[in-house]
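# Residue-level structure breakdown
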Amino acid sequence: MLLLQQTTLAPKFLLFSKSDFSFKPCSSSLSTRLSFMDKYTKSSSLKQSQKQFQSPILACQASTDTHDTSFRKDDLPVHGVSEVIVGVLGGGQLGRMLCQAASEMAIKVIVLDPLTNCPASAIAYDHMVGSFDDSATVQEFAKRCGVLTVEIEHVDAATMEKLEQQGVDCQPKASTIRIIQDKYLQKVHFSRHGIPLPDFMQIDDLEGAKRAGDLFGYPLMLKSKRLAYDGRGNAVAKSEGELSSAVNGEMFTTEAQLLREFALGGFDRGLYVEKWTPFVKELAVIVARGRDNSISCYPAVETIHKYDIESCRENICDVVKAPADIPWKIRKLATDAAHKAVSSLEGAGVFAVELFLTKDGQILLNEVAPRPHNSGHHTIESCYTSQFEQHLRAVLGLPLGDPSMKTPAAIMYNLLGEDEGEPGFHLAHQLIGRALNIQGASVHWYDKPEMRKQRKMGHITIAGPSMGIVEAQLKSMLKEEGSESQTAVTPRVGIIMGSDSDLPIMKDAARILTVFGVPHEVRIVSAHRTPEMMFSYALSAQDQGIQIIIAGAGGAAHLPGMVASLTPLPVIGVPVRASALDGMDSLLSIVQMPRGVPVATVAINNATNAGLLAVRMLGVGDTDLLARMSQYQEDTRDDVMKKAEKLQTDGWETYLNP
């Protein structure tokens, strides 16, 4: 037998007999558990590429020692983040984005998917063509990876359980996949763990559905237990007379080819019902669970289905708003419920917890996905650690990353097929073109070979300084015209005053902001003459992208305090000298605000300092402004030194009378 041995000089061919060495099994967590020869004689189902031969972890090791010297995890050198090969069941867009995140850390991800040109195929370390719900295929695939995970839950849970018994590292665990696959079983599981849910019950026939209607009332939500996602497998019966049509899909009479997917398909498929939840918002929390059972939660987001924007025409827009516009108390309830739900499951990875917010402020769990999720796509641009990187960290046992947002607001828009075939691709291309003209927009195209109506083909994330701004940018993008001409700069500072008589003082704040290149606006907003305008301005400033408000205060000086009581933004009050009391009344009014309503202030008529203070506050999160402020201080110092030198050189008389 000939064995090629690589050296730093030239290849050498060494002759060995069979008795000179023996094959040893590889570590189950790091190897393919195939012999060297067996692997490469059976590799026709994988892409034929040289990269299969480049990793020492892919092949079992040959040893001339008759003792057991098989490699253990701790024995193998780690060059980079991890040498463990991650196997993913499914190669759709989630698998693609997992591969993209893995490429940044040189983590090797191989995917199992039946489509030769699935979205993940082009960028995966390797792609095995085959069905991820076929037992024999999954078992063969598992031999090629160190840890096995999923990007779709509709896999063969029984096979995963069998693999776990054989020592295969599956994350999350097969028990979790089995629970999640059956939505009724999900409900039973989470109910047993004390997590708030809508009322639900199993139904086996029409009579059972009628009993459920009598118990829960109408409208009544009917759901398939299995193979339901993206709205498929759900139907609503508004009355007892609609139960049969809801179950069998007879109620759909328009766009039948599209809507047939949403029919339940009869009681034989396994159905259950939920009491209708009159929610005010649908929320979602992405939760990461490490191998050490540590848990990290992303900020709650709002998911909006059938987003009704005028420019959207008849398309179904699927939008995610991050963070959700909800009180902090509701955010905590949502996060706590998501944390508790994921804690009740087994295994590492990223989970998506979908929730309902009811009119009376309750949080009810809808369902959980044991994988990265559409509601977390925004994290690629808006968070310090994307959900895809986080999933890799979790399944590999690496420290979990920071889930917090690095931008104040983001909105994710799903690119759904608007037409079949080439016309659909053309419409998507037009929308992408408009998106590329939007500041803060990022386009993700999944590269699916076939366009179908309502199929997820990609997504666009817009990140910005406020939800109001990114929503306005989304609307502009969807209008088909005008987005190319979006050149207006969003003001970061609002300068307001009660009367134009304050303008000669307040203009100094505007001049400072202009010097530093800080976008700002100047408005007349009177606390006494136009209180409605003041309320409206204060309440909407944050959504409009304003970060700091500078309020001039003359006379009674109510404007800074009233605005500060209405907005969470910082307010800087400028006492303006009036004809009476020389501005002391304004100064004292500002500094005597009651506890809980803070207002910063500067000296009387010193709007210059108000502008400088605003720049310094913005500079906390803006390195360019911070550098410009340092330069401003240096220039001011140099100016003073020049004046001192001139005074010393020329004398005071010449200095005063040049």
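Quick note: structure is the one above.
Summary of the structure given here. Since we're looking at a predicted model, the values are computed, not measured.

Parameters and conventions
- Numbers given for residues are sequential positions, taken from 1 along each chain in its written order.
- pLDDT decides what is reported in this predicted model: residues at 70 or higher carry local features, side-chain atom pairs at 80 or more are listed and counted, and totals for whole chains, interfaces and linings draw on all residues regardless.
- Side-chain metrics rest on all non-hydrogen atoms present in the structure, leaving aside hydrogens and water.
- Salt bridge, as used here: a side-chain nitrogen of Lys or Arg that lies within 4 Å of a carboxyl oxygen of Asp or Glu.
- Helix and strand definitions follow DSSP, with helices as H or I runs of at least four residues and strands as E runs of at least two, each counted in order from the N terminus.
- Only protein chains enter the area calculation, which uses a 1.4 Å probe; residues under 20% of their type maximum are buried, those over 50% are exposed, and those in between are partly exposed.
- By definition, two strands form a pair when at least two bridges between them are found by DSSP.
- Relevant arc is that of directions from the helix axis to the C-beta atoms, nothing else.
- By definition in these notes, contact holds between two residues if any of their heavy atoms fall within 4.5 Å.
- Polar contacts, as counted here, are pairs of nitrogen or oxygen atoms within 3.5 Å of one another; within protein the pair requires one atom able to donate a hydrogen and one able to accept it, and residues that are adjacent in sequence qualify only if both atoms are side-chain atoms.
- All axes here are fitted lines through C-alpha atoms, helices being fitted over the stretch that makes contact, and every angle between N-to-C directions spans 0 to 180 degrees.

In this section: the pattern of salt bridges. According to the stated counting rule, one finds 24 salt bridges in the structure shown. Residue E83 is joined to K108 by a salt bridge in which the shortest nitrogen-to-oxygen separation is 4.0 Å. Placement of E83 in the loop between β4 (62–63) and β5 (86–89) and of K108 in the loop between α2 (93–104) and β6 (109–113) is noted, with a sequence separation of 25 residues between them. One network of salt bridges, in which partners are shared, links E140, K143 and R144.

Burial analysis of strand β15 (residues 301–305) places four of its five residues in the buried class, which makes it a mostly covered element. The sheet contact formed by strand β13 (residues 279–289) and β15 spans three bridges and is antiparallel. In the sheet register, L283 faces β15, and the bridge partner there is E302. Where β15 lies against strand β16 (residues 318–322), four bridges are found, and the strand directions are antiparallel. Bridging across to β16, I304 finds its partner in V319.

Let us look at helix α7 (residues 206–216). Buried within α7 we find G208, A209, A212, G213 and F216. One side of α7 holds all its buried residues, which, seen down the axis, span an arc of 145 degrees. Those residues of α7 that are exposed and angled more than 90 degrees off the buried face are R211 and D214. The elements touched by buried residues of α7 are β9 (200–203), β10 (220–224), α8 (243–248) and β12 (271–275). At the N-terminal end of α7, a side-chain oxygen is found 3.3 Å from the backbone nitrogen of E207, two or three residues along, and the residue is D205. A positive backbone phi angle near 85 degrees is found at G217, which sits one or two residues after α7.

Pairing is antiparallel in the open sheet, where four strands are placed in the order β9-β12-β10-β11. Looking along the sheet, the strands with just one partner apiece sit at the ends: β9 and β11 (234–237). Each strand axis lies, on average, 30 degrees off the axis of its neighbour in the sheet, ignoring direction. Bridging between β9 and β12 involves four bridges; their strand directions are antiparallel. What sits directly across from M201, in β12, is V273. Packing of helix α6 (residues 183–192) onto the sheet brings it into contact with β9, β10 and β12, and relative to β9 it is tilted by some 145 degrees.

Looking at the secondary structure, you find L566 in helix α17 (residues 559–566). Placed 29 residues apart in sequence, L566 and Y537 show a C-alpha to C-alpha distance of 9.4 Å. Setting aside anything within four residues of it in sequence, one finds L566 in contact with M534, F535, A538 and L539.

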